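Structural characterization, general
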2 protein chains.
Amino acid sequence: MCILPPQFACYKAGFCHKYLNYTMEVKNTIQSGNIPTPALAIQAERAKATFDPELMNHFLEGSKEKSDEIKQMIQQMERDPILQVSSKVYDMTKAEHRLETARKIARLASYIESENFSSFENRMSLVSLMDPQLHTRIGVHLGLFLGCIRGNGTSEQMYYWVLNKEAAYVKQIYGCFAMTELAHGSNVAGLETTATYDVENEQFVINTPHIGATKWWIGGAAHSATHTTVYARLIVKGKDYGVKTFVVPLRDSNHNLNPGVVVGDIGAKMGRDGIDNGWIQFSNVRIPRYNMLQKYCKVSADGEVTEPPNNQLSYSALLGGRVVMVKDSFRWSAKVVTIAIRYAIARRQFKASKAGENDGENQIMNYPLHQRRLIPLLATAYAFSNGANVLDQLSKKTMDSLDHAVSQDDKAGIDKGIEEMKSLFVASGSLKSTCTWSTLNTIEQCRQACGGHGYSSYSGFGKTYNDWAVQCTWEGDNNILGMSIGKQLVKNISGVIKDGNKATGILDFLNNTKQYLNNEIVLKKDQLESLEQVLKAVEVALIRTANQALADLDKNGEDWDYIGARLVELSKMLAHFFMLKSFLEKFNTLEEGPMKSVLKQLAQLYSSSVILEGFSGIFLTFKVLDSDTVSYLSSEYIQKLCADLRPHVIPLTDAFNLSDMIINSSLGNYDGNVYENFFKIVKDRNPAPGSYTAPYEEEFRAHLNRPSLEDRQRNEINEDNEELV
Amino acid sequence: MCILPPQFACYKAGFCHKYLNYTMEVKNTIQSGNIPTPALAIQAERAKATFDPELMNHFLEGSKEKSDEIKQMIQQMERDPILQVSSKVYDMTKAEHRLETARKIARLASYIESENFSSFENRMSLVSLMDPQLHTRIGVHLGLFLGCIRGNGTSEQMYYWVLNKEAAYVKQIYGCFAMTELAHGSNVAGLETTATYDVENEQFVINTPHIGATKWWIGGAAHSATHTTVYARLIVKGKDYGVKTFVVPLRDSNHNLNPGVVVGDIGAKMGRDGIDNGWIQFSNVRIPRYNMLQKYCKVSADGEVTEPPNNQLSYSALLGGRVVMVKDSFRWSAKVVTIAIRYAIARRQFKASKAGENDGENQIMNYPLHQRRLIPLLATAYAFSNGANVLDQLSKKTMDSLDHAVSQDDKAGIDKGIEEMKSLFVASGSLKSTCTWSTLNTIEQCRQACGGHGYSSYSGFGKTYNDWAVQCTWEGDNNILGMSIGKQLVKNISGVIKDGNKATGILDFLNNTKQYLNNEIVLKKDQLESLEQVLKAVEVALIRTANQALADLDKNGEDWDYIGARLVELSKMLAHFFMLKSFLEKFNTLEEGPMKSVLKQLAQLYSSSVILEGFSGIFLTFKVLDSDTVSYLSSEYIQKLCADLRPHVIPLTDAFNLSDMIINSSLGNYDGNVYENFFKIVKDRNPAPGSYTAPYEEEFRAHLNRPSLEDRQRNEINEDNEELV
């Protein structure tokens, strides 16, 4: 039975090609035969939509207002000749990327100068997707440099640098963030650059003692930065107070390096070549005392050091970035899933195994395996969108209330704030690591799903992968972060079991631990459709796994390193727990209707494939599921959900509201006309064959037409010569 | 207790730095403090070796002779100023890559001209590792173009093109392989280019009917090729005989395109930019009748078509490439694992959780999680080396005996050869897809294991990933291939169960099906150390999974597409079965000793982590393992094996015998002196900071020093103006 609406009834694989051919033969070029018609295929999908993608976008963005603002910003930027991106980026050299990015910073600054913070955040979130190197390069200044001053400086220091010196408007000052060193990354407390206080001159002397302490990977250092915030060991009167932060000028207003400062370019990277990452060595560079950021730790003129009461307060600098990366995970996943799904509608390959004699090649989206490869990734992007919104709000609320408590010097409020901050740290850490890993996988899977064409730079996948990959490493290496989150989980369950503590925030489900430490199957085959029951199963799996980790820890004499792999596993499951829980809460507020029922199927697919099947080893080991259920999941249930969602894939990807400029892929345009689009980009971006030969063709031809080997060996090797000896 | 030999007893994290510092302070630059000493660390590892890495290399390469030859070839190429590679490749533009690759082809051809086939194969295997784009670009001509003529042409045709026209020596003719089209990849039978026979002129007319049939991705077409083998539909007297192969000249000896032929450059790719992939359109291009390759299907002068009796014979063209990709999987995995492990010995980070007060930062290789991330990948590379050798021999034996039977017109021999070929197809297909996926993962995991520095181009990971990625797609998309292999498995088990057939070759374990179709646990906790027992468990898991797939197939009316995901899973498990089985067979021939015991641990780690834990969902679902065993695997056993192998990691990677040129990574040199090496490459490859400012710095500075927003808005926005209305 044909499920298409009447106006598209003629469109079905293998039918009506005569009619379509007729339409095509009066086109601009002469073509004959079984001409592909991918654009009609995508139109047919849109005609089947059961919900309004516009309204779905409000769900994805969290509100109509945000959705509208984002649309307007995309329009602004796609019309802006400096900020717009195109397939040109896939052919640019590193030098070109660097130049363009510098120009874009100037242009973007003019938007930022007169925009409020919430709009700025939304704009940056889009910039991160359409032009990741621009996002990072300006983000180092606005997010890390200024964030470090805001987080560690007194309010007077903040006012001075951020507003008085106009750094907030990308004016006068361009800052970088000199934390990592050549031999030191994740272990910030082990950094070796020194800041020695010279009481006599009331100055700090910044020094790089050896090659390993060379500041490394510093975005903006190579060409742009006038200043940097340096993470260095505070040494006062011979005593090492650990790592603190200092503002150090690198270049004067003529952009000449200050004495004692040497910077260099660290060169080519896997991706984001538009950022001028550099290295910095300080050779006894002197800065005034007031250039140390002294919100918490203070050094008086005569060298008296006051340490902060709550050290944790100063570790919030990287939190914001983690929240951003969860948002990025949603947007980037949405982008690549859109490309792969639009391509899967356009592309036809083989006959279906149950095809009739007259059927032509089948759309690859119709193959169950292809559905299973792509639709769970689509469902994951949907789960991430809501999860990112919830995390974003949680983060703002927590930061605001802590800031408020600090400004009022409200001790109880500060303690409460720190508790909430810890919970936020757990949530954002598990989500940052899990979502960035998941997105890296999504990009690669979507590339593979586009077959050979996914390997063309113009498909966008290569650059997207290369640009994304660093998200798994920076601002908290995913494994280190995962271990630290897992550790919190195990410490909390230990507290609940051994000390009768009460777990709070994202971990409050641990209070049910005792009830679930048994071998009872929690999720039965007939309960798979219930999101509440799946959520409970995840809770129980987390509890039992954490309990096992605790037992392993005790058995190995409290050696946390020994259970590292389990800790990371726990962190991953916790992130999915957060996503599913948030989704369910939002879901329960929605009006019944076709949109809600599609969202339910997406949530069911996400939980059954990504969570239950993805961690089936855990669920089976700890007897949360039985093997019949897992077998049913793999053999039937997931496939059924994919098939149910199949008709909605185009409206669901359209709902991401990503314009062709943002998608920037030969395979992912809205019109679905992949072959014409791809061919056009290839011709536009590469010299026309008629007017062009490669510069080395002559050389190559000379090689092909070279004299014979015997001639070139001067005929020295022959049987006659055998007689010479 | 210090396990180092006496001469390194002074070397232990946190000890003796005073002594080391003293040594360092008389070096070429002034350095102070806790100077990193990674080179000493790797020396200490080598001093602990319990076996001779040289002898281990004979195991890896399959023989001492091959090992020696490979060493000599590496030496030749690392001294050759044209063929050698260096960190320069990480900064080259596409145009530079293309030029260099063309020059390298000319140079490589001079080696090939006087080398026997087995040496040529070994050389190409090295070239594939050190310079993948060179390998592919020359491989398209030597492997695909000539392979197609050899496979599909008569022996006279072969003699004519390959020897008479000197194509075998990369002389006169440079060929490409025009199979895929813009709208057609894996489904070769669906290609749409036509070759219509014109009886009157005894010519074929080659035509591209529409955009979708444009030949696409054709390596060598854009700039190099003089000829191509075209896959096109043979049309004779209006009848379509399906896809056959034709030799079509593209350019004359002046390298001008022939009339009716248009080619273009398809431009930038994710990797391998040195290959001039192109597109080709044929507009009624005429070729003589003898340019059709007629080993099997023949067209006589008057248009009589004779179809071959055994169609399968002509499908062997891609087999060779698949075997090569399994060898590549070994070499590439070996390379990246070497980099990541050398770095993990050099790099120190955090204190161990059980460290004493005086211990310094711990080598990251000592962390159980890091061991678990890397050592299974090392074990996998070892399994792949032997598996690739076995597959290679199997392939040669099968091809030779089939060729012999064909040449003797020995019908029984041909039938037997075809049966063996089918088994080879299953083995090579499952191995190609599984090993290339595994290697892609290995590259990414090794990159992540090097933290931020893995993101530098000079680490080599980015380019390696980008160059490798296409292996999962080309010459048989991994999913399509996986499905077809899984299908063979299910068909065979169905034959065994339903028809009492006997399975042969790689699938002969299926003959035990009936005995294992129950719920009996096959592998108990105390049997994990027995490789034989693990192998049996994999057999049983394959049998039970295939049986489930068969049941699902029957339930869904023989819809093979429906069980696609299962089929791919089966193919993956089959590949690991082949690897483990081959390893075991080889292992049993080795002399007892320290080398053999390390190999046993590697095999145990491979089977327990990659196979048993990697497919734990399957093993638990089909009750081959019980949950206690899986829990023990995850909590203890794998970790213990990693710890046992930890002291051997440097000798085990040294045994790959890869010189610094081949490794080509800032992080992976033999001397282990990572920080000095990395810094040197960065300085060599990038302009010295003192003599250089970015070309755009002036522009950027002007932006920073721009007038205020109010000035630029001509002070139009102010409170006074409010009074204007």
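The structure contained in this document is the topic of the report that follows.

Criteria and thresholds
Residues numbered from 1 in each chain as written. Chains lettered and ligands numbered in written order. Predicted model: local features only at pLDDT ≥ 70, side-chain atom pairs only at ≥ 80, totals over all residues. Heavy atoms only, no water. Patch = residues over 30% accessible without salt bridge, like charges linked within 9 Å, V, L, I, M, F, W, Y side chains within 5 Å. Areas by Shrake-Rupley, 256 points an atom, 1.4 Å probe, with all protein chains shown as cover. Salt bridge = Lys/Arg side-chain N within 4 Å of Asp/Glu carboxyl O. Lys, Arg positive; Asp, Glu negative; His and termini not counted. Charge placed at Lys NZ, Arg CZ, Asp CG, Glu CD. Helix = DSSP H or I, 4+ residues; strand = E, 2+ residues; numbered from the N terminus. Buried < 20%, exposed > 50% of the residue type's maximum accessible area, 1.4 Å probe, protein only. Contact = heavy atoms within 4.5 Å. Buried area = accessible area lost by both parts, 1.4 Å probe. Polar contact = N/O pair within 3.5 Å; in protein donor to acceptor, adjacent residues only side chain to side chain. Nonpolar A, V, L, I, M, F, W, Y, C, P; charged D, E, K, R; others polar. Disulfide = S-S within 2.5 Å. Bend = angle between axes of the 7 residues up to and from the residue.

Let us now look at a negative patch on the surface. All names here are of chain A. Taken together, E719, D720, E722 and E723 make up a surface patch of like negative charges. Locating E722 in the fold gives a position in helix α25 (residues 719-722). According to the relative accessible area criterion, E722 is exposed, its value standing at 59%.

What follows concerns the interface of chain A and chain B. Counting residues at the interface gives 147 residues for chain A, matched by 147 residues for chain B. Summing the contributions of chain A and of chain B, the shared interface buries around 12000 Å²; its carbon and sulfur component is 56%. The largest contributions to the chain A side of the interface with chain B come from Y455, Y696 and F700 of chain A, which together make up 7% of the buried area. Residues R712 of chain B and E113 of chain A are paired through a salt bridge, measuring 2.8 Å at the closest nitrogen-oxygen approach. Joining chain A to chain B, the criterion identifies 66 residue pairs in polar contact (both at pLDDT 80 or more). For the side of chain A that touches chain B, the element with the most residues is helix α5 (residues 94-112) of chain A, which contributes 8 residues. Partitioned by chemical class, the residues of the side of chain A that touches chain B number 59 nonpolar, 51 polar and 37 charged.

To continue, consider the state of the cysteines. Tallied over the entire structure, the rule returns 0 disulfides over all chains. Considering cysteine sulfurs only, C435 of chain A is the nearest to C472 of chain A, which forms no disulfide, with 11 Å between them. Residue classification places C472 of chain A among the buried residues on the basis of a relative accessible area of 1%. Free of any disulfide, C446 of chain B has its nearest cysteine sulfur in C450 of chain B, 7.1 Å distant. Residue C446 of chain B is classed as buried on the basis of its relative accessible area of 0%.

Here the focus is helix α7 (residues 132-152) of chain A. Along α7 of chain A, the helix axis deviates most sharply at G139 of chain A, where the bend reaches about 50°. Burial analysis of α7 of chain A places 19 of its 21 residues in the buried class, which makes it a mostly covered element.

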